Amino acid sequence: MSEKYGELLVEGKNIVKDFKVSSNALKQPMMRASNDVSFKMYKSRGMAVVGESGSGKSTIAKMIAKMYAPTSGQIIYKGRDIQTITKHADLMKYREGVQMVWQDPFGSLNPTHNIFHHIARPLKIHKKVTPGNKKELEEKVYELLDQVGLNPAKETAAKFPHQLSGGQRQRVNLARNIAVGAEVVLADEPTSMLDVSIRAGVLNLMQKMKFEREMSLLYITHDIATARYIAEDLSVMYVGHMVEWGDTDEIIHRPQHPYTQLLISAVPDPSKSIHTKLEGNKGEIPLWTPDSIGCPFAGRCLHATSRCKDEMPEVKQLAENHFVRCHLHE
Amino acid sequence: MTIPQISIRNLCVDYITEAGDVRAVNNVSFDIGKGEVFGLAGESGCGKSTIAFALMRLHKPPAFISGGEVLFADDEGKQQDILQLSDGEMTIFRWSQMSMVFQSAMNALNPVIPIVDQFTDVIMRHTNKTKYEAVKRAEQLLQIVDIHPNRLTDYPHQFSGGMRQRLVIAIALALNPKLIIMDEPTTALDVVVQREILQKIYALKEEFGFSILFITHDLSLMVEFSDRIGIMYSGQLIEVASAKEILKNPYHPYTHGLSNSFPSLTGPKKELIGIPGNPLNLLDIPTGCRFQARCTRVEEVCRTKENPLRDIENGHMSNCHLAVAGESIGIAEVTTA
């Protein structure tokens, strides 16, 4: 991909992440949650990561947020490897630029503080207002609440989290991202706990933030239809591997990896029938370890050959913005 | 006309709370035919699960059924009101006639008991079968849901999420019920597993001929799986129609709003409109239509007159005052570049 997509903000290069799966220090069995994952996130562009639970979607977001360090590989933010960011001042700067939105809007706000506190705190910590100037702080908080559609702002600010609905709470979380002027928003299933009628509003707000504030959005989800709505790029993950990525519509309409085909054939859609045949599925999801070999999907794939079981496929570029990791395309 | 498997008539369920009494289910009436899949959709807190619990008579104070009838057709085709059954009769009725797959079925299994005992417990509680017969039946049931019978002695944690879901469905099938209530049966599962399970349920329904009350908040899935769908809003049933009709030709603005709230996987990209405002607080119910505060078409009559569910055309029912036969709201043609 070239610079035609705008300014490159975050780039992942061959990221590997291993986790210990046993507390027994002698055995030390490892599980590979992310294997050779590369991606690029651009300004004012959304990248959706889809896949089943346990496929390593959240691990990627948590590594970008510096909650985990990659075992190997690099995450580059504006030209700098984020592992080299260690000084407090630099870390603050990084956290200002890269913010997260969590799945559970009920757990991510402190129940003992009102909404004003939740918005004012990041403003104070990141020195977005003159310290001690109460009036400026208030105005800023109300302005932010207004921007995310929580009006009347003054009344909302006085409320506590339990007085808001799930959708309103998620709007508070998004207001916090805007407050610090985040350039990259990592949203981990931000709408999966919201009702459909509320979900649309939150999706539209994120869409607005993406375009008007030129944010780069990482949208983690298992709902491919909303991914299509909000993200220009789509990455499909399977057992810690990115198996196919590129232009969202291209992948949804012409999936090339057998796993993507299976996934898309399973997505509920009103125009489909319940009898829609699943595009091939057998076997169980494997546990990937550092010693595992071959294609992770080989055990379930209808087209698998002996080569698929022994050899990890290389990345193949099918179009300008369409990549796949599958022996069928070599 | 054949009598439906179950007829719910004017069902009301109240919760007594410190802030006042709340009518969580208000005058709800619908039928489910033999072998039919009836979907019940709506936002959280609209009363879907409360209805499911009321049909099984599982409510405990502070919730109680305050009115209505639930007529269930027995083998001879006679209808009996299950709300009038004594506790002893209800124990016999429950599971043998009507069973339930609970929400978060993954957690519905007891983690410290091998699954064989969880099968035999149900079977022996509701029938006179011996332990040996019950184990034999459990083996059959496992085969029905494609799990090898030699896994009967395993514990729930030894199964994957999808297998646990199938186990719970197998337990629901144990006594060949005529109606199975499925309350969000696949919500915690991945899409691939979800589709496998639903296809399995459908095949079992075809084989054994039971009816299903299917509850979910995933409308796309519901349209695929159900024959008819009822949409609920703040304790009331506001629209009932066939699955094919309901999103295409809705008569209620809420249903119309829902159909514009979720993106589609294929076809042109539409802008999602959503529904402004928030669900109704059941402690503060306005006069007239309950949807008036969020409705874009609201008129004077909506604020003053009650709006019972009525037949608009050919069994397509809606409680909207403004609904006129042949003039459904349709899907808004808003497209984005």
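Values in this document were obtained by computation on a predicted structure and should not be read as measured data.

### So, the overall build of chain A
- The secondary structure content of chain A amounts to 11 helices and 12 strands.
- Counting only residues that meet the buried cut, chain A has 45% of its 330 residues in that class.
- Summarising the internal contacts of chain A: among those between residues at least 6 apart in sequence, 64% fall at separations of at least 24.

### Some remarks on the overall build of chain B
- The secondary structure content of chain B amounts to 10 helices and 12 strands.
- Here chain B has a C-alpha radius of gyration of 21 Å; the compact-globule value for 337 residues is 20 Å, and the two agree.
- Along the longest, intermediate and shortest principal axes, the C-alpha atoms of chain B span 65 × 50 × 45 Å.
- Taking all 337 residues of chain B together, 44% fall into the buried category.
- The long-range share in chain B, meaning contacts at least 24 apart out of those at least 6 apart in sequence, stands at 65%.

### As for the environment of Cys301(A)
All names here are of chain A.
- Here Cys 301 is to be found in the loop between helix H10 (258-266) and helix H11 (306-310).
- You can call Cys 301 buried: it has 24 C-beta atoms within 10 Å.
- Residues Cys 301 and Leu 262 lie 39 residues apart in sequence; the distance between their C-alpha atoms is 9.4 Å.

### Regarding the pairing of strand S9 (residues 233-238) of chain A
Residues and elements named next belong to chain A.
- When you tally the buried positions in S9, you get six out of six residues, the bulk of the element.
- Both faces of S9 are covered, namely the face carrying Asp 233, Ser 235 and Met 237 and the face carrying Leu 234, Val 236 and Tyr 238.
- Pairing geometry for strand S3 (residues 46-50) and S9, over four bridges, is parallel. Considered in S9, the bridge of Met 47 is made with Asp 233.
- In this sheet, strand S10 (residues 241-247) lies alongside S9 in antiparallel orientation, the contact comprising six bridges. When the sheet's bridge partners are listed, Met 237 is paired in S10 with Met 242.

### A closer look at the sheet that holds strand S5 (residues 80-81) of chain A
Residues and elements named next belong to chain A.
- Across the sheet, which stays open at both edges, the four strands sit in the order S2-S1-S4-S5 with antiparallel pairing between neighbours. Each having just a single partner strand, strand S2 (30-42) and S5 make up the two edges of the open sheet.
- The pairing of strand S1 (residues 8-20) with strand S4 (residues 72-77) spans five bridges and is classified as antiparallel. Opposite Val 10, over in S4, you have Tyr 77 as the bridge partner.

### As for the interface of chain A and chain B
- Contacts between the two partners involve 31 residues from chain A and, on the opposite side, 33 residues from chain B.
- Among the elements of the structure, helix H7 (196-212), helix H8 (224-230) and H10 of chain A are those that each provide at least two residues to the side of chain A that touches chain B.
- A per-element tally of the side of chain A that touches chain B places H7(A) first, with seven residues.
- When the residues that make up the side of chain A that touches chain B are grouped by side-chain class, the tally is 15 nonpolar, 10 polar and six charged.

### Examining the sheet that holds strand S4 (residues 63-73) of chain B
All names here are of chain B.
- Spatially, S2-S1-S4-S5 is the arrangement adopted by the four strands of the open sheet, whose pairing is antiparallel. Since the sheet does not close on itself, it has two edges, and those belong to strand S2 (20-32) and strand S5 (79-81), each with one partner. The sheet shows a mean angle of 10 degrees between the axes of neighbouring strands, taken without regard to direction.
- Its contacts with the sheet place helix H1 (residues 48-55) against strand S1 (6-17), S2 and S4, and it is angled at close to 70 degrees to S2.

### Focus on the confidence of the model for chain B
Residue and element names in this part refer to chain B.
- Per-residue confidence for chain B gives a mean pLDDT of 86, with 97% of residues at or over 70.
- The model gives residues 332-337 a pLDDT under 50, and that stretch makes nine contacts with residues more than four places away or in other chains.
- Taken over the whole predicted complex, pTM reads 0.85, whereas the ipTM for its chain interfaces reads 0.80.

### A few points about the environment of Val98(A)
Residues and elements named next belong to chain A.
- You can see Val 98 is positioned in strand S6 (residues 98-101).
- Since 23 C-beta atoms lie within 10 Å of it, Val 98 is described here as buried.
- Not counting chain neighbours up to four residues away, the residues in contact with Val 98 comprise Ile 64, Ala 65, Tyr 77, Ala 182, Val 184 and Leu 186.

### A closer look at the packing of helix H3 (residues 115-126) of chain B against helix H4 (residues 131-144) of chain B
Residues and elements named next belong to chain B.
- H4 packs onto H3 with a crossing angle of 115 degrees between their chain directions and a minimal axis gap of 9 Å. The element H3 and its partner H4 pack so that their crossing is right-handed. Across from Val 116, Phe 119, Thr 120, Ile 123 and Met 124 in H3, the residues of H4 making contact are Lys 131, Ala 134, Val 135, Arg 137, Ala 138 and Leu 141.
- Of the residues contributing to the contact of H3 with H4, the split by class is eight nonpolar, one polar and two charged.

### Let's talk about the nonpolar core
- Membership of the largest hydrophobic core comes to 177 residues, with the highest contact counts inside it found for Leu218(A), Tyr219(A) and Leu213(B).
- Counting residues per element, this core draws most heavily on H7(A), at eight residues.
- Both domain 1 (6-226) and domain 2 (250-318) of chain B contribute no fewer than three residues apiece to this core.
- Discounting chain neighbours no more than four positions away, the residues touching Leu218(A) are Met41(A), Met47(A), Val49(A), Ala61(A), Ile64(A), Leu186(A) and Ala187(A).

### With respect to the domain arrangement of chain B
Residue and element names in this part refer to chain B.
- Domain annotation for chain B reports domain 1 (6-226) and domain 2 (250-318).
- Summarising the inter-unit geometry, the C-alpha centres of domain 1 and domain 2 are found 29 Å apart.
- Contacts between the two partners involve nine residues from domain 1, matched on the other side by five residues from domain 2.
- For the side of domain 1 that touches domain 2, the secondary-structure elements that each account for two or more residues are S2 and helix H7 (219-225).
- Per-element accounting of the side of domain 1 that touches domain 2 gives the leading share, four residues, to S2.
- Broken down by class, the residue content of the side of domain 1 that touches domain 2 amounts to four nonpolar, three polar and two charged.

### Brief notes about unusual backbone geometry
- With an omega of -5 degrees, the peptide bond running from Asn151(A) to Pro152(A) counts as cis.
- One non-glycine residue, Asn176(B), lies in the positive phi region at around 50 degrees.
- Examined against the element boundaries, Asn176(B) turns out to sit in the loop between helix H5 (161-173) and strand S7 (179-183).
- Residue Asn176(B) is classed as exposed on the basis of its C-beta count, with 12 C-beta atoms lying within 10 Å.

### Regarding the pairing of strand S9 (residues 228-233) of chain B
All names here are of chain B.
- In terms of burial, S9 is largely enclosed, as six of its six residues are buried.
- Along S9, one buried face is formed by Arg 228, Gly 230 and Met 232 and the opposite face, lined by Ile 229, Ile 231 and Tyr 233, is buried too.
- Pairing analysis gives four bridges linking strand S3 (residues 37-41) to S9, with the strands arranged parallel. Residue pairing across strands places Phe 38 opposite Arg 228, the latter belonging to S9.
- Bridging between S9 and strand S10 (residues 236-242) involves six bridges; their strand directions are antiparallel. What sits directly across from Met 232, in S10, is Leu 237.
- The hairpin turn running from S9 into S10, its antiparallel successor, is two residues long, and Ser 234 in that turn takes a positive phi close to 40 degrees.

The rules behind the values
Residues numbered from 1 in each chain as written. Chains lettered and ligands numbered in written order. Predicted model: local features only at pLDDT ≥ 70, side-chain atom pairs only at ≥ 80, totals over all residues. Helix = DSSP H or I, 4+ residues; strand = E, 2+ residues; numbered from the N terminus. Buried ≥ 20, exposed ≤ 12 C-beta atoms within 10 Å, placed from the backbone. Contact = placed C-beta atoms within 7 Å. Rg over C-alpha atoms; globule rule 2.2 N^0.38 Å. Pairing = 2+ DSSP bridges. Nonpolar A, V, L, I, M, F, W, Y, C, P; charged D, E, K, R; others polar. Axes fitted to C-alpha atoms, helices over the stretch in contact; angles between N-to-C directions. pLDDT = per-residue confidence, 0-100. Left-handed = near helix turned anticlockwise from the far one by under 90°. Core = buried A, V, L, I, M, F, W, Y, C linked by C-beta atoms within 7 Å. Domains from an automatic or database assignment.

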